[in-house]
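Summary of structural features
Spelled out, the chains give:
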Amino acid sequence: MRTATRSPSSKASPIRPAPGFTLLEVLVALFIVGTALGASLRAIGSLTTNSTDLRGSMMATWSAENRLTQIRLAHEWPPIGQRNFECPQGDLPLQCEENVFATPNPSFRRVEVSVVDSRDPGRRIIKLAQVVPNAL
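Since this is a predicted model, take the numbers as computed values, not measurements.

**Brief notes about a nonpolar patch on the surface**
Side chains of F21, L23, V26, L27 and L30 sit close together on the surface and give an oily, nonpolar patch of about 550 Å² of accessible area. Checked against the element boundaries, L23 lands in helix 1 (residues 23–73). We classify L23 as exposed; its relative accessible area is 63%.

**Quick look at the pattern of salt bridges**
Taken as a whole and assessed by the stated rule, the structure comprises seven salt bridges. The salt bridge partner of R55 is D91, with a shortest N-O separation of 2.8 Å. Of this pair, R55 sits in helix 1 while D91 sits in the loop between strand 3 (81–86) and strand 4 (94–102); the two residues are 36 residues apart in sequence, bridging distant segments of the chain. Measuring nitrogen to oxygen at the nearest pair gives 2.2 Å for the salt bridge that ties R110 to E112. In the salt-bridge network here, residues are joined through shared partners; they are R67, E76, R83 and E98.

**Details of the state of the cysteines**
For the structure on display, the rule yields one disulfide. Through a disulfide, C87 is tied to C96; the S-S separation comes to 1.9 Å. Between C87 and C96, the S-S torsion sits near 95°, and that sign places the bridge as right-handed. The exposure classification of C87 matches that of C96, with both residues buried.

**Notes on the pairing of strand 6 (residues 120–133)**
In this sheet, strand 6 lies alongside strand 5 (residues 108–117) in antiparallel orientation, the contact comprising 10 bridges. Paired with D117 across the strands is D120, a residue of strand 6. Following strand 5, the chain reverses through two residues before pairing antiparallel with strand 6.

**Structural notes on the nonpolar core**
Counting residues in hydrophobic clusters, the biggest one holds 16 residues, and the most contacted among them are A60, C87, L94, C96, V111, V113 and V115. The set of elements that each furnish at least two residues to this core consists of helix 1, strand 4, strand 5 and strand 6. Tallying contributions element by element places helix 1 first for this core, with five residues. Once residues within four sequence positions are removed from consideration, V115 is found in contact with A60, S63, A64, C87, L94, Q95, C96, R124, I125 and I126.

**Here we look at the pairing of strand 4**
Alignment of strand 3 against strand 4, held across six bridges, turns out to be antiparallel. Bridging from a neighbouring strand, N84 pairs with E97 of strand 4. The pairing of strand 4 with strand 5 spans nine bridges and is classified as antiparallel. Note that in strand 5 the partner of N99 across the bridge is E112. The antiparallel pairing of strand 4 with strand 5 creates a hairpin that spans five residues between the two strands.

Each value, and the rule that gives it
Counting from 1, residues in each chain are numbered in the order their sequence is written. Only residues with pLDDT of 70 or above have their local features reported here, since the model is predicted, and side-chain atom pairs are shown and tallied only from 80 upward, although totals for entire chains, interfaces and linings are computed over all residues. By convention in this description, side-chain values take in all heavy atoms of the structure and omit both hydrogens and water. The patch calculation keeps residues exceeding 30% relative accessible area without a salt bridge and links them within 9 Å when they carry like charges or within 5 Å when they are nonpolar (Val, Leu, Ile, Met, Phe, Trp, Tyr). Per-residue accessibility takes into account occlusion by the displayed protein chains alone, with areas from the Shrake-Rupley method and a 1.4 Å probe. Within this document, salt bridges are pairs made up of a side-chain nitrogen of Lys or Arg and a carboxyl oxygen of Asp or Glu, the two lying within 4 Å of each other. Numbering of helices and strands runs from the N terminus; a helix is a DSSP stretch of H or I covering at least four residues, while a strand is a stretch of E covering at least two. Whether a residue is buried, partly exposed or exposed follows from its accessible area with a 1.4 Å probe, protein chains only, as a fraction of its type maximum: under 20%, in between, or over 50%, in that order. Cysteine sulfur atoms that come within 2.5 Å of each other are treated as a disulfide pair. Pairs of strands are assigned from DSSP output, requiring at least two bridges between the strands. Joining through side-chain atoms within 4.5 Å is the link that ties buried Ala, Val, Leu, Ile, Met, Phe, Trp, Tyr and Cys residues into a set, and such a set is a nonpolar core. A contact between two residues is defined here by any heavy atoms of the two lying within 4.5 Å.

Below is the structure:
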């Protein structure tokens, strides 16, 4: 909103608005800009978190796939039971848990590899399973 002033030269001249913005207009504009910047920062923070989680999930998948590929390529006949081992990827400390189960067909075994972050052992990142044939 602008205030109207009369020209000092004559009393009959038309009313002209004063140049510039009022304090209220400036405050409203600052509020809008501040809200937009706050929303932008929140979105950037969310993207960063999602990127970190995606990286961890990808690395955990690689660890599990590495173990299952190792079993397949070595024609390994894993013993039934459970075992835990470290399977770090890069700077991410991961812990793998391998469970081997019998199947109805004695010539096959089911191998499940679960991967958890060593810093947060209560949260499983990924679990992959594979059926392994007896190569004998």
